Amino acid sequence: MKLSNDIQVEMYWMMLLSRRLDERAWVLHRQGKIAFHISGIGQEAAQVGAAFALRRGEDWVTPYYRDLALMLCLGYTPRDFLLALSGKQGEPTSGARQMPSHWSMRKANAVSHSAPVATQCPHAAGIGLAIKMRKEDKVVLTTLGEGSTSQGEWYEAVNWAAIHHLPVIFMVENNEYAISVPADKQMAVASSADKACGMGLRGISVDGTDVFSVYRTVAEAVADARAGKGPTLIEARMYRLTPHSSDDDDRTYRSREEVEEAKKKDPLTVGRRILEEAGLLNQAKIDEMEMRAKEMVDDAVKFAEQAPYPDVADAMFPVYAEEVRRG
Ligand SMILES: Cc1ncc(C[n+]2csc(CCOP(=O)(O)OP(=O)(O)O)c2C)c(N)n1
Ligand SMILES: [Mg+2]
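What counts and what doesn't
- Residues numbered from 1 in each chain as written.
- Chains lettered and ligands numbered in written order.
- Predicted model: local features only at pLDDT ≥ 70, side-chain atom pairs only at ≥ 80, totals over all residues.
- Heavy atoms only, no water.
- Buried < 20%, exposed > 50% of the residue type's maximum accessible area, 1.4 Å probe, protein only.
- Helix = DSSP H or I, 4+ residues; strand = E, 2+ residues; numbered from the N terminus.
- Pairing = 2+ DSSP bridges.
- Right-handed = clockwise from strand over helix to strand, strands pointing away.
- Donors = N, O, S within 2.8 Å, 3.2 Å for Na, K, Ca; no water.
- Tetrahedral: all angles 85-135°; square planar, octahedral: opposite > 155°, others 65-115°.
- Salt bridge = Lys/Arg side-chain N within 4 Å of Asp/Glu carboxyl O.
- Core = buried A, V, L, I, M, F, W, Y, C linked by side-chain atoms within 4.5 Å.

S.K.: Is there a simple way to think about the pairing of strand E2 (residues 140-145) in this case?
M.R.: Note on strand geometry: in a regular strand, side chains alternate between the two faces of the sheet. Of all six residues making up E2, six are buried, and the element is well covered by its neighbours. Here E2 shows a buried face lined by Val140, Thr142 and Leu144 and a second buried face lined by Leu141, Thr143 and Gly145. Pairing of strand E1 (residues 60-62) with E2 involves three bridges; the strand directions are parallel. Bridging from a neighbouring strand, tryptophan 60 pairs with valine 140 of E2. Direction of pairing for E2 relative to strand E3 (residues 168-174): parallel, over a ladder of six bridges. By the bridge assignment for E3, threonine 142 is matched with phenylalanine 170. Each parallel crossover has a hand, and the one from E2 via helix H6 (residues 152-163) to E3 is right-handed.

S.K.: Where do I start with the coordination of the magnesium ion (ligand 2) in this structure?
M.R.: The coordination sphere of the magnesium ion (ligand 2) contains the protein donors Glu146 (OE), Glu146 (OE), Asn175 (OD1) and Tyr177 (O), at a distance range of 2.1 to 2.7 Å. Taken together, the six donor atoms coordinating the magnesium ion (ligand 2) and their angles of 52 to 176° define a geometry best described as irregular. Each donor residue of the magnesium ion (ligand 2) lies on the same chain, and together they follow the pattern E-x28-N-x1-Y. Here glutamate 146, found in the loop between E2 and H6, pairs with tyrosine 177, found in strand E4 (residues 177-178); they are 31 residues apart in sequence, far enough to count as distant.

S.K.: Sorry, what's going on with the pattern of salt bridges here?
M.R.: Once their charged atoms are close, side chains differing in charge can pair, the charge on each being opposite to the other. For the coordinates displayed, the defined rule picks out 22 salt bridges. The partner of arginine 202 in a salt bridge is aspartate 224, with the nearest N and O atoms 3.4 Å apart. Taken together, the residues arginine 202 in strand E6 (residues 202-207) and aspartate 224 in helix H7 (residues 211-226) connect sequence positions 22 residues apart. For aspartate 224, a relative accessible area of 18% puts it in the buried group. One salt bridge in this structure joins arginine 256 and aspartate 250, with 3.3 Å as the shortest N-O distance. Aspartate 250 sits in the buried class, given a relative accessible area of 5%. If you follow the salt bridges from partner to partner, you end up with Arg55, Asp59, Asp137 and Arg226 in one network.

S.K.: Hey, could you run me through the nonpolar core in this one?
M.R.: The tendency in soluble globular proteins is for nonpolar side chains to be buried side by side. One finds Tyr12, Val48, Phe81 and Leu82 to be the most contacted residues of the largest nonpolar core, which totals 68 residues. Broken down by element, this core gets its largest block of residues, eleven residues, from helix H1 (residues 5-30). One finds Ala125, Ile127, Val158 and Leu201 within the second-largest nonpolar core, a separate group that totals 21 residues.

Right, dumping it as structure tokens:
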């Protein structure tokens, strides 16, 4: 479970790349070049920490819409993301039919989710059951927001996974809001992890702004799942630093002071401090990473700009397809 120095720096890099890509999506939206963006800014540490605790490509993931950093760790590329944002041909998750950020990736065992929140959780429980029945050495990670833990699907999935000791990790990315609804109007307990005791599984709350704390917590849950000890519910605490989506104005329900205060616990700042104190990161290295990220984001934007839109005739596939074409 000990992370090498190189891996620790790589984890910071993944957070940084995700952040710069996400920021560019906001710019493109405000320029009128893309129609919609839903952001993962502020949630990168939880996503990268969790991804690095998996055997990527072997384990299964049923993610949710904020998981850009998680998906990048699984092999999704900036070009893939820009194709999705632009609705262009070649977009790998659905050929540009889905909304952006409804991730899926066959080679990464990442399963697409639908727009109703928490529906990815029963999928995870089902995959967990299949893994158990086939006696495979695999686990499933599913993620969701704290607001989504009010959903029936979530309770059903967690209950089922707990009863049958399924190898599932439920990671709640508690960013304090469900659009305009604050967490204390969503649940009467202080943490979504407290809900675990009513369903008979372990519940752990972790600082979701510290990539390494999340890594350790998820790695332990993964080890338990592989050892047949069943599921774990993890709540990663963080703050949604942007509005809910490009169509939301968060000034109507929270103060600027509150948002500014939360920026002190920006996952990039937290990660940078830890790595600098360990002597693993310095300004020169960060400058190099920033340059690399900018090049990759610029390249992705150009690539998507030049890509054609999907063929109109393709709109009927796969709804009316006679054969299943595999992408
Ligand atoms: C069943 C359902 N109800 C309402 C919505 C509209 N909706 C989309 S995202 C969202 C907020 C979810 O909040 P949370 O689970 O905390 O995730 P976050 O967006 O904060 O990451 C809502 C209400 C939906 N997609 N599905
Ligand atoms: Mg939320």
